[in-house]
Number of protein chains: 2
Amino acid sequence: MKVTILGNNSALPAFGRHPTAQVVSIFGDLLLLDCGEGTQIQMQRFGLRWRNLQHIFISHMHGDHYFGLPGLINSMSLLGRIAPLHLYGPAALMPILQQILDVAKTKLAFPFTFQPLPDEGGLLVDNDIFSVTCFPVSHSLPCHGFLIHAKTKGRKIVPAKCHEYEIPLSYYDTLKKGEDYKRDDGLLVKNEWVTTEGPEPKRYAYCTDTIFTDSFLPFIMGADTLYYESTYLDADKEKAATRFHSTAMQAAQMAKMANAKQLLLGHFSSKYKDIEPFRQEAASIFPNTIATVEGTTYDI
Amino acid sequence: MKVTILGNNSALPAFGRHPTAQVVSIFGDLLLLDCGEGTQIQMQRFGLRWRNLQHIFISHMHGDHYFGLPGLINSMSLLGRIAPLHLYGPAALMPILQQILDVAKTKLAFPFTFQPLPDEGGLLVDNDIFSVTCFPVSHSLPCHGFLIHAKTKGRKIVPAKCHEYEIPLSYYDTLKKGEDYKRDDGLLVKNEWVTTEGPEPKRYAYCTDTIFTDSFLPFIMGADTLYYESTYLDADKEKAATRFHSTAMQAAQMAKMANAKQLLLGHFSSKYKDIEPFRQEAASIFPNTIATVEGTTYDI
């Protein structure tokens, strides 16, 4: 699982930084988290193919988190997309989108579904490759965080060994699930002879926009990577609280409390040109911190 | 009067080109014509100050002409703008904007007015410096062109001469209007002794998106500069007609028919990487043609 940052700024674009959007890539599937203005252009710029994007998640109804959505959907349709697209967001989002489509007499060229986020959170998607859960964070508007669980693809095949034991390709998926193989000559090929342990499942937690609170800590506990908003530095923590945002120091505290392995910072206020102080502040108590840069892809 | 191109591409952003938006500058006042996604970022990038922008005109309800509007208005409000903002566009625009503002509980920090475009066209703004008229063009949705008339500031003062005849500063505005000055000693100072001819008034006509038709020719007749959409080259003129768009050749024909002095081309389809063929095609019958480039400012 990897994440590419398309926008790491707060509401006002500044210093070439864009409003919030990021793409999570899981074995080739792309998931879009928030869709600030300019997302379609940023995806083009960073070589992320729309056709591989089938799930879009919108955290809340502040414009810097969704104003890029009508344009992206429109462009997908103009390009003759046929793959389904699933949108998950606040219930208020769909009437606005529908009105925009209706006014332009746009009929989407592809199957499109919308699922409103349940207030109390819950499971949104669950397939063989990943699951996505949403949970309420605490902002000036109802807002949700997302937890993405990239499932293991099972045990890892050792092709040379499989070949040695003459195991047919068609049985490989069964091997990945840990099963042994019984040959026609009666030999029981033990699974551990022809496979090794597969990659660990990974969990990515995304929290923006929110005041510092432990109310959603259970949802993000043990995340491999935590993306947590840091609109301000600690010197502005009162302003952060008033505006239902967080500081870099609070992001680091959250990462520690959640026992995360890595912290990604973003949603920087336009008052800051240099974002290195964000990293420094958080790293003082949570060393494995990255102040995200647009166009950069981070391993989770 | 000058125009800065912010977006010269058609609906699908491509090759770094953005959807439609341009800023007309008249003696320091800025007017925005259409507001495709990314307009606020493009304005920042090209050093155009939002505070000098008080009039926004939206031609029609295809998203590539207005999806940047909610973000721009939102950002102006976040920055604490106090200057009034006047928006002119299709009647269907305001309910969408209002819904977006309401859902986010946004109260704009500045006075904001909306004026729907009359179907048959008409005068939208008229002040000492400029006037703006809209007129219907012919597209798959109701769509308007705009004619901007930068008024002359009157005759040009010759300060040394005014000083010689002891004309008080407070009378300069009257001189600009062409009046003579009667001194206390009875001498009648003829206007032409102390002024020269002022700059010519200029007219800029903006036509996008439209099929090739002479239905609106009377509105654009004699424009100093005509901006006319050229989504396609002549080889695709049937596609252009089907989609209610025009070709570079048709843009040149329109410029000739309107007796314009200069032609600006834009709204290029994303199928073309190189836009020089648009200029060549149009220039074959209308030599003073420019294929616009984003970030470039053109004299009108």
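Data block above holds the structure.
Calculation criteria
- Residues numbered from 1 in each chain as written.
- Chains lettered and ligands numbered in written order.
- Predicted model: local features only at pLDDT ≥ 70, side-chain atom pairs only at ≥ 80, totals over all residues.
- Heavy atoms only, no water.
- Buried < 20%, exposed > 50% of the residue type's maximum accessible area, 1.4 Å probe, protein only.
- Helix = DSSP H or I, 4+ residues; strand = E, 2+ residues; numbered from the N terminus.
- Contact = heavy atoms within 4.5 Å.
- Buried area = accessible area lost by both parts, 1.4 Å probe.
- Salt bridge = Lys/Arg side-chain N within 4 Å of Asp/Glu carboxyl O.
- Polar contact = N/O pair within 3.5 Å; in protein donor to acceptor, adjacent residues only side chain to side chain.
- Nonpolar A, V, L, I, M, F, W, Y, C, P; charged D, E, K, R; others polar.
- Pairing = 2+ DSSP bridges.
- Axes fitted to C-alpha atoms, helices over the stretch in contact; angles between N-to-C directions.
- Least-squares fit on C-alpha atoms with pLDDT ≥ 70 in both.
- Core = buried A, V, L, I, M, F, W, Y, C linked by side-chain atoms within 4.5 Å.
- Phe/Tyr/Trp six-rings, centres within 6.5 Å; stacked < 30°, edge-to-face > 60°.
- Lys NZ or Arg CZ within 6 Å of the ring centre and 35° of its normal.
- Right-handed = clockwise from strand over helix to strand, strands pointing away.

**Examining helix H2 (residues 69-78) of chain A**
Within H2 of chain A, nine of the 10 residues are buried, which leaves the element mostly enclosed by the surrounding structure. Note on H2 of chain A: the residue one or two positions beyond its end, Gly80 of chain A, has a positive phi of about 75°.

**Structural notes on the interface of chain A and chain B**
Interfaces are frequently sized by the accessible area removed from exposure as the parts join. Taken together, the contacts link 34 residues of chain A with 34 residues of chain B. The three residues of chain A that bury the most area against chain B are Leu12, Glu37 and Phe67 of chain A, which together make up 23% of that side's buried surface. Counting across the chain A and chain B interface gives zero salt bridges. Taken together, the connections running from chain A to chain B amount to six residue pairs in polar contact (both at pLDDT 80 or more). For the side of chain A that touches chain B, the secondary structure elements donating two or more residues are helix H1 (39-45), H2 and helix H3 (93-103) of chain A. For the side of chain A that touches chain B, the per-class residue count stands at 20 nonpolar, 12 polar and two charged.

**With respect to the sheet that holds strand E8 (residues 130-136) of chain B**
Residue and element names in this part refer to chain B. With mixed pairing, seven strands are arranged side by side in an open sheet as E7-E8-E9-E14-E15-E16-E17. Every other strand in the sheet has two partners, leaving strand E7 (122-126) and strand E17 (289-291) as the edge strands with one partner each. With direction set aside, neighbouring strand axes in the sheet form an average angle of 15°. In this sheet, E17 lies alongside strand E16 (residues 262-266) in parallel orientation, the contact comprising three bridges. For Leu263, the partnering residue across the bridge sits in E17 and is Thr289.

**Observations regarding the relation of the copies chain A and chain B**
Superposing chain A onto chain B takes a rotation of 179° combined with a translation of 0.2 Å along the rotation axis, leaving an RMSD of 0.3 Å. Seen this way, the second copy is the image of the first under a two-fold rotation axis. For chain A, the smallest separation between a C-alpha atom and the rotation axis is recorded for Gly38 of chain A, amounting to 2.9 Å. Of all interface residues in chain A, 100% are interface residues in chain B too; the two copies therefore contact each other through one and the same surface.

**A word on the nonpolar core**
Counting 60 residues, the largest nonpolar core has Leu32, Ile56 and Leu69 of chain A together with Leu32, Ile56 and Leu69 of chain B as the members making the most contacts within it. Apart from residues lying up to four places away in sequence, Leu69 of chain B is in contact with Cys35, Ile56, Ile58, Leu87, Leu93 and Leu97 of chain B.

**Digging into unusual backbone geometry**
The amide bond that connects Thr208 of chain A to the next residue, Asp209 of chain A, takes the cis arrangement and shows omega of -10°. Here Asp209 of chain A lies in the loop between strand E14 (202-207) and helix H7 (217-220). The phi dihedral of Phe15 of chain B is positive, around 55°, even though this residue is not glycine. Here Phe15 of chain B shows up in the loop between strand E1 (2-7) and strand E2 (21-26). Located in the positive-phi region is Asp34 of chain B, a residue other than glycine, with phi close to 60°. When you line up the elements, Asp34 of chain B lands in strand E3 (residues 29-35). Classification of Asp34 of chain B by relative accessible area gives buried; the value is 0%.

**Section: the packing of aromatic side chains**
Residues and elements named next belong to chain A. Across all of its chains, the model carries 22 aromatic pairs over all chains by this definition. Through a chain of ring-to-ring contacts, three or more aromatic side chains come together here, namely Phe57, Tyr88, Phe146, Tyr206 and Tyr227. Note that Arg81 overlies the ring of Phe110, its terminal NZ or CZ placed 5.4 Å from the centroid.

**Notes on the sheet that holds strand E18 (residues 297-299) of chain B**
Residues and elements named next belong to chain B. Here seven strands make up an open sheet; going across it, the order is E6-E5-E4-E3-E2-E1-E18 and the pairing mixed. Since the sheet does not close on itself, it has two edges, and those belong to strand E6 (112-116) and E18, each with one partner. Going across the sheet, the axis of each strand differs from the next one's by a mean of 20°, ignoring polarity. In this fold helix H3 (residues 93-103) packs onto strand E5 (85-89) and E6, with an angle of close to 150° to the strand it touches most, E6.

**Topic: the pattern of salt bridges**
Residue and element names in this part refer to chain A. Following the criterion strictly, the structure yields 14 salt bridges over all chains and no others. Asp236 is the partner of Lys271 in a salt bridge, and the nearest nitrogen-oxygen pair spans 2.5 Å. Of the two residues, Lys271 is situated in the loop between strand E16 (262-266) and helix H10 (276-283) and Asp236 in the loop between strand E15 (225-229) and helix H8 (237-242); the sequence distance between them amounts to 35 residues. For Asp236, a relative accessible area of 17% translates into the label buried.

**A short note on the pairing of E16 of chain A**
Residues and elements named next belong to chain A. Within E16, five of the five residues are buried, which leaves it mostly tucked inside the rest of the structure. The alternating pattern of E16 places Gln262, Leu264 and Gly266 on one face and Leu263 and Leu265 on the opposite face, and all of these are buried. Where E15 and E16 come together, five bridges link them in parallel fashion. Bridge assignment links Tyr228 to a residue of E16, and that residue is Leu265. The parallel pair E16 and strand E17 (residues 289-291), bridged by H10, forms a crossover whose chirality is right-handed.

**Describing the pairing of E15 of chain A**
Looking along a regular strand, one sees the side chains alternate between the two faces of the sheet. Residue and element names in this part refer to chain A. Of all five residues in E15, five are buried, a share of seventy percent or more. One ladder, built from four bridges, connects E14 with E15; its direction is parallel. The residue bridging Ala205 from the neighbouring strand is Leu226, located in E15.

Without other data, these values stay purely geometric and don't point to any function.
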